[in-house]
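# A look at the structure
One-letter residues, chain by chain:
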Amino acid sequence: MKLPTPPLPKALRPAPKRPGQGRDGGNGNGNGHGRTGGPATKPTPKDQAVEGAASAVGWLDERTGISPFLRGFLYRKVPKGTNWFYTLGSATMFAFLSQAITGVFLAMYYEPDPTRAYESASRITNEVFLGELVRGMHRWGSTVMIILIFMHMGRTFFFGAYKYPRELNWVIGVVLLVLTLAMGLTGYLLPFDQRSFWATVVAVNINASGPVVGPYLADFLRAGAEFGPTTISRFYALHMLAIPGLIAALIGAHLYLVAKLGTTAPPWLKAEKKDLLTEEV
Amino acid sequence: MADPPKFDKKSRYTEGRGIAGAYEGETVTRRRLMEGAAQVYGGIAVAAIALPGLGFALGPLLEKSTVSRWQDLGSEDDFNIEAYVPRTFNIVPEVGDPGKSTVYVRRFDPERDTVVKGQERQPYVAISTRCTHVGCPVRYIQASQKFVCPCHGGVYGFEGAVEGGPPVRPLDRFYTQVENGRVQMGDRFSVNSEFERFSPRDPSNHLDGLWQYLYPSRPTT
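Residues numbered from 1 in each chain as written. Chains lettered and ligands numbered in written order. Predicted model: local features only at pLDDT ≥ 70, side-chain atom pairs only at ≥ 80, totals over all residues.

### Describing the pairing of strand S10 (residues 182-191) of chain B
Residues and elements named next belong to chain B. Quick note on the threshold: Exposure classification rests on a simple neighbour count of other C-beta atoms within 10 Å of a residue's own: a residue reaching 20 or more is buried, one at 12 or fewer is exposed, and one in between is partly exposed. C-beta atoms are placed from the backbone. Secondary structure is summarised from DSSP: a helix means a run of H or I of at least four residues, a strand means a run of E of at least two, and numbering begins at the N terminus for each. Here the rule is simple: two strands pair whenever DSSP picks up at least two bridges between them.
Counted residue by residue, S10 has 7 buried out of 10 residues, so it is predominantly covered. Of the strand pairs in this sheet, strand S1 (residues 71-75) and S10 are connected by 4 bridges, and their pairing is antiparallel. Of the residues in S10, the one forming a bridge with glycine 74 is valine 183. Bridge analysis of strand S9 (residues 173-179) against S10 gives 6 bridges, and the strand direction is antiparallel. Residue pairing in the sheet places threonine 176 in a bridge with methionine 185 of S10. Connecting S9 to the antiparallel partner S10 that follows it, the hairpin turn spans 2 residues, and asparagine 180 within it adopts a positive phi of roughly 55°. In this sheet, strand S11 (residues 197-198) lies alongside S10 in antiparallel orientation, the contact comprising 2 bridges. Pairing of serine 190 across the sheet is with phenylalanine 198, part of S11. In sequence, S10 turns back onto S11 through a hairpin of 5 residues, with phenylalanine 195 there showing a positive phi of about 60°.

Pasting the structure below:
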């Protein structure tokens, strides 16, 4: 049962339009036109705010032509049966954004130098205001992102959403998975305690075990034959510049393909002759 | 009146293809030439940025990053022929604590020890504690006369030869020399299971038989 909408209090009821107020901000200047009709009252601050916002959006849209794109991107049709499992990709992306934001703040205090790294990291935890929280968000958020990305991958696999014509998006997703794991590897060294040091030594040596290219890959990661003075700054540069840039670019490509190709219906839904698509607004 | 301009679309010459303003004998259109030139200039501009950047990142593969030096380990009297003496040294002094490592040192025993081929004159045996599996630090256990790795259970005998677990070759060694009664330690070298000398390799790199060709030496050593 649907209850009737309660009546608005008098102060909030929209006043009927006055003569000369009919046009909807067509000239992009919403402020002056109420005064032309002689005795017309001044527009209320609320009217001005609405008009101002609308004209600002209109100004942008007139110059970028972005609204058809946004309409197609944000109000696209999705299949029947779309459910919460379809949000795992967005969840992964928001985990990435959270990592990016907390990472920026951590970078303000962190010093990627072998003699200073541990001290600066423990300073973030123990002395910086809310540093413990931000570092904790980054540290646990990394785990959350790995879990989400695997759940998203599992959803795609079990729903058959990797099939034609979405194979390329699967491939991009796998690259994103590998890059995310690379983020985990490079970030693990940065606290620079015993565990992260030895874990990195072992991880680099596992890279070195690959035939022919392995030793070169290890030298690239370590910046030399031994764990040297620039190893940690190298990991830091990869962790906060190179890999996140790649991930952001590939997320863009991933999303473009999602919007372009649409999403799949869950496998338990049989194809219907008509009304297969419902509009979700 | 036959069609006056007889153009052949497959002609070699732009004039023959009927392109307006074509020169006689011209084979490449100016538009196409400009396209090609723009591509080449673009390629040069990208390479001018990308190649130095790439070289910067890959430089450590091509240049020697650890300095060769002889480090003092102590007086000759500190070491004996029977048991290993642990010594701490700094393999990369610039790193501070993480550069520190342990070396086990013992006087070379001509009757008991296997001679590393080509290195007969090493007066001391200096064994690296870097496990040849994935590089954890091994510890020498005097009671069993074995080196044991805490990570994945690698076991090495008295001379560093693999006796169990995942390691792929004996423990690395360091060059040694005696100067004015002081024992000194030089660069690292690797050995395979036949105790043949190799330039230093990463842990996990096999060096026996055909394996040695899959794990080449560095261009810098």
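Let's pick the thread back up.
### Section: the packing of helix H8 (residues 214-222) of chain A against helix H1 (residues 30-62) of chain B
Defined as follows: In this description, a line fitted to the C-alpha atoms serves as the axis of each element, helices being fitted only across the stretch in contact, and the angle between N-to-C directions of two axes falls anywhere from 0 to 180 degrees. Here the angle decides the label: under 35 degrees means roughly parallel, over 145 means roughly antiparallel, 65 to 115 means roughly perpendicular, and every other value means oblique. Crossings are classed by handedness, with left-handed meaning an anticlockwise turn of the near helix from the far one by less than a right angle and right-handed meaning a clockwise turn. Residue pairs qualify as contacts under a 7 Å threshold applied to their C-beta atoms, which are placed from the backbone.
Axis separation between H8(A) and H1(B) bottoms out at 8 Å; the angle between their running directions is 120°. Put simply, H8(A) runs oblique to H1(B). Like other packed secondary-structure pairs, H8(A) and H1(B) cross with a definite hand, here right-handed. Touching A:Tyr216, A:Asp219 and A:Phe220 of H8(A) are B:Leu58, B:Pro60 and B:Leu61, all from H1(B).

### Looking at unusual backbone geometry
Cis geometry marks the peptide bond from A:Tyr164 to A:Pro165; its omega dihedral reads 0°. Position of A:Pro165 among the secondary structure elements: in the loop between helix H5 (131-158) and helix H6 (167-189). Positive phi outside glycine occurs at A:Val212, with the angle close to 65°. Mapped onto the elements, A:Val212 comes out in the loop between helix H7 (194-208) and H8. The class for A:Val212 is exposed, based on 11 C-beta atoms found within 10 Å. Phi is positive for B:Asn180, close to 55°, though the residue is something other than glycine. One can find B:Asn180 in the loop between S9 and S10.

### So, the domain arrangement of chain B
Interfaces are often sized by the accessible area lost when the parts come together. The condition that has to hold: Where a domain begins and ends is set by an automatic assignment or by a domain database.
Entries for chain B in the domain assignment read domain 1 (1-63) and domain 2 (71-214). Spacing between the C-alpha centres of domain 1 of chain B and domain 2 of chain B amounts to 60 Å.

### Re the interface of chain B and chain A
Quick note on the threshold: Any residue that is not Ala, Val, Leu, Ile, Met, Phe, Trp, Tyr, Cys, Pro, Asp, Glu, Lys or Arg is counted as polar, Gly included; the first ten are nonpolar and the last four charged.
In this assembly, 24 residues from chain B lie in contact with 24 residues from chain A. The greatest single-element share of the side of chain B that touches chain A, amounting to 3 residues, is contributed by H1(B). Class assignment of the residues belonging to the side of chain B that touches chain A gives a composition of 14 nonpolar, 6 polar and 4 charged.

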